[in-house]
Amino acid sequence: MENKGMVELYQPRHTLIGRDGIMKIPYFLGRMNANRVLVVTDKGLIKSGTAGKITAVMDDAKINYVVYDGVEPNPSVRIVNEAFEFYKKNDCNVIIAVGGGSPIDVAKAVSILSANGGKIQDYNGYNKSKKRGTPIIAVNTTAGTGSECTRAYVVTDEESKSKMLMVDTNCLAHIALNDPMLMVGMPPSLTAATGIDALTHAIEAYICNTHTPFTDALAMESIRLVSESLREAVRDGSNMDARTDMCWAEYMAGLSFSNAGLGLVHGIAHQLGGYYNIPHGLANAIMLPRVLEFNRPYCMGRLAEVAQAMGEKVDHMSVDEASKQCIIAVRRLIEDVKIPPLCDTKFDMKDIDVIAEHALQDTATATNAVRPTREDVKTIIAKTYYEGLLMKKVKTDG
């Protein structure tokens, strides 16, 4: 059902999309009266030289900064606390996040803690903070998470092995920056997983029960761009047209779900990340087809429109047939970009009960097209797991 009440829309204060956007960072830091900047990133981006491109721009402008590079995939409470202590010790007043969802999520957590105090667990849920966080420049290096433009961040609670989803207006980035030049060296597997992550954001935002005309328009264009450009971005990472299209697609998908909501794909994916450290984009990509099959009876018209946005010829099909064609198109794209099956991850069927229970309680699941039961969630996960095993057996036997 479309959201009929009063709607608030959220987005970063300023957005830059396109080549050489990082060259504008010193200008914005000057406007933000930055005394010392905390750069939040990970060791992979240090090693690849991607983070160095941003620090080189600041070196040339003689900007005072320190680097925290301890971020890991599915960042934990420990990492957030470590980064926050580093922020305080170095007396920073602006944060630059360099990376995909994980560094940006850590930057948001530090931003909220620095302005509001307390523990990060205090902010689990919707709008739990009182004050706007420390200003963030979110430099996105993957075309998938949308984290640079959303009011959401995710932190893994090591004790419960679950992911906390914080949705908080006060963590919105001051500047969201997507420079496709930073994404050229991204490996094909990461390009694929983050690209399907963007597709998942757009589709879930389009079929969730709190969508609006604004989020619909963003989601549909995002779906079209991913469908047209992701295969080429995976095949040839230096194709700047494909990379730029994916920057637009992931940004619009991020704005769409940040202002609408998500669904059960994310509800399950958050648990797969929290339990087994499966990268978030990969977890979404693995779960997307089966969750869409479960949701299909409740949103056939919307999925038929998604099929059309994906370039499928559905004009002469019934709504029922077109909605099925949508799922076929999603599966084909996932196969073409070589997303591995659930059985190739660390997932263990013995954990299915607790994974399903946590997925039901996840903030993202609340806006799913239909409310699932625990047995529904278990069935979806089991089907996904055994389908992968069967496909592997067929390929091996063949």
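Here the structure is shown first, and the text comes after it.
Bear in mind that the values here come from a model prediction, so they are computed numbers and not experimental data.

*Asks:* Before we go on, may I ask you to explain the overall build of the chain in this structure?
*Replies:* Looking only at helices and strands, one finds 14 helices and nine strands in the chain. What you see for the chain is a C-alpha radius of gyration of 20 Å, in line with the 21 Å of a compact globule of 398 residues. For the chain, the spread of C-alpha atoms along the principal axes amounts to about 60 × 50 × 45 Å. Classification of the 398 residues of the chain by burial places 60% in the buried group.

*Asks:* Explain the packing of aromatic side chains to me, please; I cannot follow it from the model alone.
*Replies:* Two descriptors summarise a pair of aromatic rings, namely the distance from one centre to the other and the angle between the planes of the rings. Following the criterion strictly, the structure yields eight aromatic pairs and no others. Feature note: the residues Tyr275, Tyr276, Phe347, Tyr385 and Tyr386 constitute an aromatic cluster, connected by ring pairs. Over the ring of Tyr27 we find Lys24; its NZ or CZ atom is 4.7 Å from the centre of that ring. The ring of Tyr206 carries Arg302 above its face, with NZ or CZ at 4.0 Å from the centroid.

*Asks:* Got a minute to help me understand unusual backbone geometry in this structure?
*Replies:* Comment: phi is negative for the bulk of residues other than glycine, and the bulk of peptide bonds are trans. Here the phi dihedral of Asp20 falls at roughly 65°; this positive angle occurs in a residue that is not glycine. Residue position: Asp20 is located in the loop between β1 (14–17) and α1 (25–31). Residue class for Asp20 comes out partly exposed when judged on its relative accessible area of 46%. Positive phi is not limited to glycine here, since Asp91 has a value of about 55°. As for its position among the elements, Asp91 is in the loop between α4 (77–89) and β4 (94–99).

*Asks:* What am I meant to see in the side chain of Arg151 here?
*Replies:* The topology assignment puts Arg151 in the loop between β6 (136–140) and β7 (152–157). Lacking a salt bridge, the buried Arg151 has Asp168 as its closest oppositely charged neighbour, with an N-O distance of 7.6 Å. Of the polar contacts made by the side chain of Arg151, one reaches the backbone oxygen of Ser258; its length is 3.0 Å.

*Asks:* Just checking my understanding: could you explain the environment of Asp376 for this structure?
*Replies:* Topologically, Asp376 is positioned in helix α14 (residues 374–397). In sequence terms Asp376 and Gly144 are 232 residues apart; their C-alpha atoms lie 28 Å from each other.

*Asks:* How do you make sense of the nonpolar core when you look at a structure like this?
*Replies:* Nonpolar side chains tend toward joint burial in soluble globular proteins. Core analysis: the biggest nonpolar cluster contains 78 residues, and Ile196, Ile203, Ile268, Leu272, Ile339 and Ile381 have the highest contact counts within it. The residues contacting Ile196, other than those within four sequence positions of it, are Leu230, Ala285, Leu288, Leu333, Ile334, Val337 and Ile339. By size, the runner-up hydrophobic cluster in this structure holds 31 residues, among which are Ala97, Ala109, Leu113 and Ala138.

Thresholds applied
- Residues numbered from 1 in each chain as written.
- Predicted model: local features only at pLDDT ≥ 70, side-chain atom pairs only at ≥ 80, totals over all residues.
- Heavy atoms only, no water.
- Helix = DSSP H or I, 4+ residues; strand = E, 2+ residues; numbered from the N terminus.
- Rg over C-alpha atoms; globule rule 2.2 N^0.38 Å.
- Buried < 20%, exposed > 50% of the residue type's maximum accessible area, 1.4 Å probe, protein only.
- Phe/Tyr/Trp six-rings, centres within 6.5 Å; stacked < 30°, edge-to-face > 60°.
- Lys NZ or Arg CZ within 6 Å of the ring centre and 35° of its normal.
- Lys, Arg positive; Asp, Glu negative; His and termini not counted.
- Salt bridge = Lys/Arg side-chain N within 4 Å of Asp/Glu carboxyl O.
- Polar contact = N/O pair within 3.5 Å; in protein donor to acceptor, adjacent residues only side chain to side chain.
- Core = buried A, V, L, I, M, F, W, Y, C linked by side-chain atoms within 4.5 Å.
- Contact = heavy atoms within 4.5 Å.

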